[in-house]
Amino acid sequence: MRVNCTSLVAGVAFAALAAGLVPVVSQSGSAGFEFGPPIAQAQNLGQRSVGGWVVDANSAHLIGATIFLKDLKTKSIRSYTSAADGKFRFAQVNMTEDHELWAEKDGKKSAVRSISSWDTRKEVEYELKVK
C-alpha cells in the first residue's frame, strides 16, 4: 500500500494539535521545531521611573523636601531629597507592584498619590504640593 507523504504529515500534525501538542520554536531560537506543550512566557513589565517636582502652597519650587515612595506589597520605603529646582526622580520602580508617593517638608505634607500596577507607563510624573 502506498501512502501519500503530504497526507501523512498533515495527519500527524492534526493528531499533535488534537492531543494538545503544538509545534513550538525552541528557546535557543534555532530554525527547527520541537513538539511539546507550549512554553509559558511571563509578561515582562519591567521597571519604570517615577519623577516630578515638589512645590509649596504658592506653587514655588520647594528645595530640600523629602519625597517618599512606598511599595505597598513589601512595605519598603525609598526616599529622595528634592533638588534646587524642586525636581525628584526614582529609577527602577517595579511596574508589577502598587506604590504610594508623597512629599514632606517642615512638618507639612502633600497629598498621597497612588501609582497602580495597572498603569503601563514607563515614565510617570507628578507635581506634589506641600501645604
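Throughout this document, residue positions are counted from 1 along each chain, in the order its sequence is written. Given that this is a predicted model, residues contribute local features only at a pLDDT of at least 70 and side-chain atom pairs are listed and counted only at 80 or more, while totals for whole chains, interfaces and linings are drawn from all residues. The side-chain figures draw on all heavy atoms in the structure; neither hydrogens nor water molecules are used.

Bringing the overall build of the protein into the picture now. A count of helices and strands for the protein gives one helix and 10 strands. Under the scheme used here, helices are H or I runs from DSSP no shorter than 4 residues and strands are E runs no shorter than 2 residues, and both carry numbers assigned from the N terminus. Of the regular secondary structure in the protein, the N- to C-terminal order runs α-β-β-β-β-β-β-β-β-β-β. Burial statistics for the protein: of 131 residues in total, 27% are counted as buried. When the accessible surface of the protein is split by element, carbon and sulfur atoms take 55% of a total near 9,000 Å². A simple rule labels every residue: compare its accessible area, found with a 1.4 Å probe on the protein chains alone, to the largest value its type can have, and call it buried under 20%, exposed over 50%, or partly exposed in between. Only the protein chains shown count as cover for residues, with accessible areas throughout obtained via the Shrake-Rupley method and a probe of 1.4 Å.

Before going further, it helps to spend a moment on the pattern of salt bridges. One side-chain nitrogen of Lys or Arg within 4 Å of one carboxyl oxygen of Asp or Glu is enough to make a salt bridge. Applying the stated rule across the entire model yields two salt bridges. Two residues, Lys 73 and Glu 97, come together in a salt bridge whose shortest N-O distance is 3.9 Å. Here the residue Lys 73 occupies a position in the loop between β4 (66–71) and β5 (77–81), and Glu 97 occupies one in the loop between β6 (87–94) and β7 (99–105), the gap between them amounting to 24 residues. A salt bridge links Arg 121 to Asp 119, with the nearest nitrogen and oxygen atoms 2.6 Å apart. The partly exposed category is assigned to Arg 121, whose relative accessible area is 41%.

This part takes up unusual backbone geometry. Positive phi outside glycine occurs at Lys 75, with the angle close to 70°. Position of Lys 75 among the secondary structure elements: in the loop between β4 and β5. With a relative accessible area of 53%, Lys 75 lands in the exposed category. One non-glycine residue, Gln 92, lies in the positive phi region at around 55°. Within the element layout of this structure, Gln 92 appears in strand β6.

Here we come to the confidence of the model for the protein. Here the protein shows a mean pLDDT of 82. Residues at 70 or above account for 66%. Think of pLDDT as the predictor's per-residue confidence, scored from 0 to 100. Residues count as neighbours in contact if any of their non-hydrogen atoms are within 4.5 Å of one another. Across residues 22–26, confidence stays below pLDDT 50; counting only partners more than four residues off in sequence or on other chains, it has 19 contacts.

With that settled, the discussion passes to the sheet that holds strand β10 (residues 123–129). The criterion for strand pairing is that DSSP finds at least two bridges linking the strands in question. A sheet is described by the order of its strands in space; here three strands give the open sequence β6-β3-β10, paired in mixed fashion. Because the sheet does not close on itself, it has two edges, and the strands there are β6 and β10. Direction aside, the axes of adjacent strands within the sheet are offset by 20° on average. Sheet topology note: the strand β3 (residues 47–55)/β6 ladder contains six bridges and is antiparallel. Across the sheet, Gly 52 pairs through a bridge with Phe 88, a residue of β6. Only the stretch in contact is used when fitting a helix axis, every axis being a line fitted to C-alpha atoms; angles between N-to-C directions are given from 0 to 180 degrees.

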